[in-house]
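Here is how the chains run, residue by residue.
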Amino acid sequence: MTAEPAGPEWARRRTYAIISHPDAGKTTLTETLLLEAGAIRLAGQVKARGQNRRTQSDWMKIERERGISVSASVMTYEYKGLLFNLLDTPGHEDFSEDTYRTLTAADCAIMVLDAAKGVEPRTLKLVEVCRLRDIPIITFINKMDREAMEVTDLLDDIQDKLALDATPMQWPCGSGQRFRGVADMARDEFILYRRPSADDQDPVASERFSLSGNSITAELSDDEHAEVREGVEMARELCPPFIEQSFREGHLTPVYFGSALRRFGVRELLDAVAEVAPGPQPQAATGPAEVLEPGGKEVAGFVFKVQANMDPNHRDRVAFVRLVSGSFRRGMKLKTDHGKQLTVSNPILFFASDREIADEAFAGDVMGVPNHGVLRVGDTLSESGKWRVAGIPNFAPEMLRRARLKDPLKAKHLKKALESLAEEGVTQLFRLQVGGEFVIGAVGALQIDVMAQRVADEYGIEVVFETCPYETARWIQGAPDKIDAFIDRHKTAIAEDIDGAVVFLAKSPWEVSYSQEKWPDVVFANTRERAT
Ligand code: G4P
């Protein structure tokens, strides 16, 4: 048995998410991290393809019983005396506003870049979301076993596109066929990559050599050795040094290199997360005080995602609650910030293998709370019901669709259905001021499909979500005269969101920039906090 570290339970939580552009290797890295940490033991999983390639675990049982896909939502493992909650950020076709919202529940992010591609558009978007709370980002440059961009170009790309100082913690030697490993700058060591044979899928055991010792020269050619030493020297002279405070404040990212597929560099990444990722932080809130402290007495948390049952006959929902304060115990009575009380007798706690601690959860943990639609995204749950956590916004949609009814007599029903599902966070909902048409907004196509399916299944309404001239939206704010003038000039593109806030529907992101230039006194906000 490992000795329990001193200090409160919450202080050993590390809650983080992995962000990347599709295909950079997030799924492969997730599996490899869990394998390295000893949280899962499976062979062949990585080789499975497509939809089935999900990390499986005991939680699948919950999934089968409830018909709700929760298994990949949070993955918990222990490593070096710490307890890690790895939050899933859906990508590919299941990319949705949930992906952004999940980042509001994380204290740290690993950004995975494809070494041949650098910073790609989706990564940029996700980093913008991390920026809202300045969460620290650790970078993993993946696929070094394939031809990569120059290291300096990769670092410049991070610096230029993300405005983040990039500090290489390692310096790679070659890439693709010529990839030999990475220098560990802090320890002045070289971690050797031994290329597996063509059909060998086993992980590559990493071997360390002193960079200045003799044995390294037996492994690397003179040229390779010189290349590494030059790279390390240049990085030490020219790259910003690692300053923990800048990292914690979200201004600097430490950069690691490797191959998730070959399991090379993954242990070093795991160690880095253990070493520098922050534990639960105080959370801005309104209520009895301005912040909720992770060590506070009162249990409080917020809902960052609600998942509906796949079976339309079940009204079950699971609300994912990130705890920010207190020690939760099964059976506790909690209240929402709008006064609804609920006994949390059957929470889903994600400690798959250790049932003994599954009856309690602490700040930093995530629990699934089954309910019948009482809990909405953005709700705060606490013992007193007096708290409201700040910083769980709605995000500007990246696709908009107009709702067209097949039977115009169902207009009232449609309004109710769309409002109720938008309340739940399935998509956003806007109503055009001129004409009163409904437009739904999403960041991923899946949200629109889910909306259509649920309107049909749960309300029996046939509705088509058709393309419309608008692509994105911004909440507009400013002095009333300026806002009125803007609205007057853009009447047909003005709508209200579900809380009655005024929204400008734009034909393209370019139109947003253009309008911003023309109307400097109007704020075009790309997020909005839900009203209480
Ligand atoms: P994602 O979740 O970020 O979308 O990426 P995923 O892990 O699914 O990886 C995308 C593809 O990249 C996969 O290829 C995966 O095997 C490969 N990959 C991931 N990490 C590495 C790496 O370190 N080195 C190399 N060479 N490849 C890597 P795939 O299974 O062939 O997928 P597909 O292209 O058939 O979809």
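That block above? That's the structure.
Described in the following lines is the structure provided in the data block.

Analysis parameters
Residues numbered from 1 in each chain as written. Predicted model: local features only at pLDDT ≥ 70, side-chain atom pairs only at ≥ 80, totals over all residues. Heavy atoms only, no water. Buried < 20%, exposed > 50% of the residue type's maximum accessible area, 1.4 Å probe, protein only. Helix = DSSP H or I, 4+ residues; strand = E, 2+ residues; numbered from the N terminus. Contact = heavy atoms within 4.5 Å. Polar contact = N/O pair within 3.5 Å; in protein donor to acceptor, adjacent residues only side chain to side chain. Pairing = 2+ DSSP bridges. Axes fitted to C-alpha atoms, helices over the stretch in contact; angles between N-to-C directions.

### Looking at helix 1 (residues 26–36)
Part 1 of the reasoning: With 10 of 11 residues buried, helix 1 is to be regarded as a mostly interior element.
Part 2 of the reasoning: Residues of helix 1 that are buried: Lys26, Thr28, Leu29, Thr30, Glu31, Thr32, Leu33, Leu34, Leu35 and Glu36.
Part 3 of the reasoning: Lining the buried residues of helix 1 we find strand 1 (13–20), strand 2 (74–79), strand 3 (82–87), strand 4 (108–114), strand 5 (137–142) and helix 9 (266–276).
Part 4 of the reasoning: One or two positions beyond helix 1, positive phi appears at Gly38, with a value near 80°.

### Quick notes on unusual backbone geometry
Part 1 of the reasoning: The backbone of Asp134 sits at a positive phi, close to 50°, despite the residue not being glycine.
Part 2 of the reasoning: The topology assignment puts Asp134 in the loop between helix 4 (121–132) and strand 5.

### As for the side chain of Thr76
Part 1 of the reasoning: By the element assignment, Thr76 lies in strand 2.
Part 2 of the reasoning: Reaching out from Thr76, the side chain makes a polar contact with the side chain of Asn85 at a distance of 2.9 Å.

### Points about the sheet that holds strand 11 (residues 252–257)
Part 1 of the reasoning: Spatial strand order, 2-3-1-4-5-11-6: 7 strands in an open sheet with mixed pairing. Taken across any chain shown, the strands that pair with only one partner, and hence form the sheet edges, are strand 2 and strand 6 (165–168). Averaged over all pairs of adjacent strands, the angle between their axes in this sheet comes to 30°, without regard to strand direction.
Part 2 of the reasoning: Taken together, the 3 bridges between strand 5 and strand 11 define a ladder with parallel strand orientation. Directly across from Ile141, in strand 11, lies its bridge partner Phe257.
Part 3 of the reasoning: The strands that helix 5 (residues 151–162) touches are strand 4, strand 5, strand 6 and strand 11; relative to strand 6, the one it contacts most, it runs at about 155°.

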